[in-house]
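# Coordinate inspection notes
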Amino acid sequence: MNIDFVVTWVDMNDPQWQKDFAAHAGKIDNKTNEFSEARFREYGLLKYWFRGVENFAPWVRKIHFVTCGQHPEWLNIRHPKLHLVDHKDYIPLQFLPCFNSSLIEIYLHKIPDLSEHFVYFNDDFYMINALTPERFFINGLPNDIAAFRLNLGLSLWNRCLKNNIAIINKRFDKKEVIKRDHDKWFSKDYGGKSFLTRLLSPYGKFITLRTPHNAQPYTKTTFEEVWKFAGKELTEMSVHKFRSPKDYTQELFRTWQICQSNFMPYNTYHDTKMFPLIFKSEKAVKAIREQSYLLICLNDSVHVKNFEKTMRDIHSAFESILPNKSSFEIDTAKPSPGALLNPV
């Protein structure tokens, strides 16, 4: 089985990007989450993502590196496993330029030469330990956790998750799904994370599923099915240059995948961890050095204290486990600074 990786990235220092951003947003505004620097900045950590691929997941067939036509100077664009993907290669031109991570994600299945089985990464997701293909797929099915969580809809992101669930409830009958896949929804591997699922068993509608913020396995078929059912809604949201409370997100496709029974029960919280750098930067550094997980997320914020020191500590931690250049790197005087599209 071929498995591809898809990773998104943007260079906020690129003159064309700045011109497009200014035309649609004015300027970076750290008082507004959707326009803040933290949504687009990256301080040289991308090379560790590629080193992680080479050291911990050498079995990957191809890496689809998705940008708006950019790439860091140090990247070996002739690497046989690397596919540079411009937004215009798979997103309809009438919706470009785009600064909306959710929009960039809902069209992923249109990436040329993408394999049926793929894993989607934001570029703040990192591999810090050896991975096997079975971490993501078993018998051709994505590994995932089917468990509910509370969602009061207070943030933009959570409001979008509610939009997703409205689509899911139009298509699937909760009682039928859980009856059919009882053992998947109540896997012993989930532990206490299935408590709310059990509590709400009598309730007739789906609510938001737990959303592990890390590398997510998908099949292209799932995306095609969702588009066939909800293409009108997804096309309407495509006009949003920036994230909107009326958006749908990649979690729609993930939840659909689970409701279709196209998954294997797997408690992803066992070996993945998200570290909000605003209050867990020291724990993130420790986890990297000790390789405490298979996958981690380093979630940025403009409110991170001592940001420069935090980045130095994180660089040092990555260097302790991934000190050697990968074949995805070429020698340059200075890597170009890039940025991430952070979905939370």
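These remarks concern the structure in this document. Sequence order sets the numbering: in each chain, residues are counted from 1 along the sequence as written. For this predicted model, a pLDDT threshold of at least 70 governs which residues receive local features, and a threshold of 80 or more governs which side-chain atom pairs are given and counted, while totals over whole chains, interfaces and linings are taken from all residues. Computation of side-chain values: all heavy atoms of the structure, hydrogens and water removed.

### Considerations on the sheet that holds strand 7 (residues 141-144)
Pairing in this open sheet of three strands is mixed, and the strands run 6-7-9 from one edge to the other. In the strand order of this sheet, the two ends are held by strand 6 (137-138) and strand 9 (264-265), each with one partner. Pairing geometry for strand 6 and strand 7, over two bridges, is antiparallel. Each residue of the ladder has a partner; that of Phe137, found in strand 7, is Pro142. Two strands qualify as a pair provided DSSP detects at least 2 bridges between them. Only DSSP runs of H or I with at least four residues qualify as helices, and only runs of E with at least two residues qualify as strands; both kinds are numbered from the N terminus onward.

### Focus on the packing of helix 10 (residues 277-290) against helix 11 (residues 307-321)
Between the N-to-C directions of two axes lies an angle of 0 to 180 degrees, each axis being a line fitted to C-alpha atoms and, for a helix, fitted only over the stretch in contact. Between helix 10 and helix 11, the least distance of the axes is 8 Å, while the angle of their chain directions is 20°. As summarised for this structure, helix 10 and helix 11 are arranged roughly parallel, according to the angle between their axes. In this structure, the crossing between helix 10 and helix 11 has a hand that is left-handed. Where helix 10 abuts helix 11, its residues Leu277, Ser281, Val285, Ile288 and Arg289 lie against Thr310, Met311, Asp313, Ile314, Ser316, Ala317, Phe318, Ser320 and Ile321. The residue inventory of the contact of helix 10 with helix 11, partitioned by class, reads eight nonpolar, four polar and two charged. Each angle receives one of four descriptions, namely roughly parallel if under 35 degrees, roughly antiparallel if over 145, roughly perpendicular if within 65 to 115, and oblique otherwise. If you view the pair so one helix is near and one far, a crossing is left-handed when the near helix is turned anticlockwise from the far one by less than a right angle, and right-handed when it is turned clockwise. Whether two residues are in contact is decided by their heavy atoms, any of which lying within 4.5 Å being enough. Polarity classes work like this: nonpolar for Ala, Val, Leu, Ile, Met, Phe, Trp, Tyr, Cys and Pro, charged for Asp, Glu, Lys and Arg, and polar for all others, with Gly in that last group.

### Brief notes about the packing of aromatic side chains
Stacked, tilted and edge-to-face are the three classes applied to pairs of Phe, Tyr and Trp rings, where Trp contributes its six-membered ring and a pair requires centres within 6.5 Å; stacked means planes under 30 degrees apart, edge-to-face means over 60, and tilted covers the rest. Throughout the structure, instances matching the rule amount to 29 aromatic pairs. For the ring pair Phe118 and Phe223, a centre distance of 5.8 Å and an interplane angle of 50° mean the geometry is tilted. Of this pair, Phe118 sits in strand 4 (residues 117-122) while Phe223 sits in helix 8 (residues 220-237); the two residues are 105 residues apart in sequence, bridging distant segments of the chain. Using a relative accessible area of 0% as the deciding quantity, one classes Phe118 as buried. Working definition: with a 1.4 Å probe on protein chains only, accessible area under 20% of the residue-type maximum means buried, over 50% means exposed, and in between means partly exposed. For Phe223, a relative accessible area of 0% gives the class buried. Centroid distance Phe223 to Phe253: 4.1 Å. Interplanar angle 10°. Geometry classified as stacked. One end of the pair, Phe223, is in helix 8; the other, Phe253, is in helix 9 (residues 250-259), and 30 residues separate them in sequence.

### Overview of helix 10
What the bend at a residue measures is the angle between two axes, fitted to the seven residues ending there and to the seven starting there. The sharpest bend along helix 10 comes to roughly 35°, located at Lys283. Here the buried face of helix 10 lies against strand 10 (272-276), strand 11 (295-299) and helix 11. Looking at the residues trailing helix 10, positive phi occurs at Gln291, about 50°.

These figures capture arrangement, not role.
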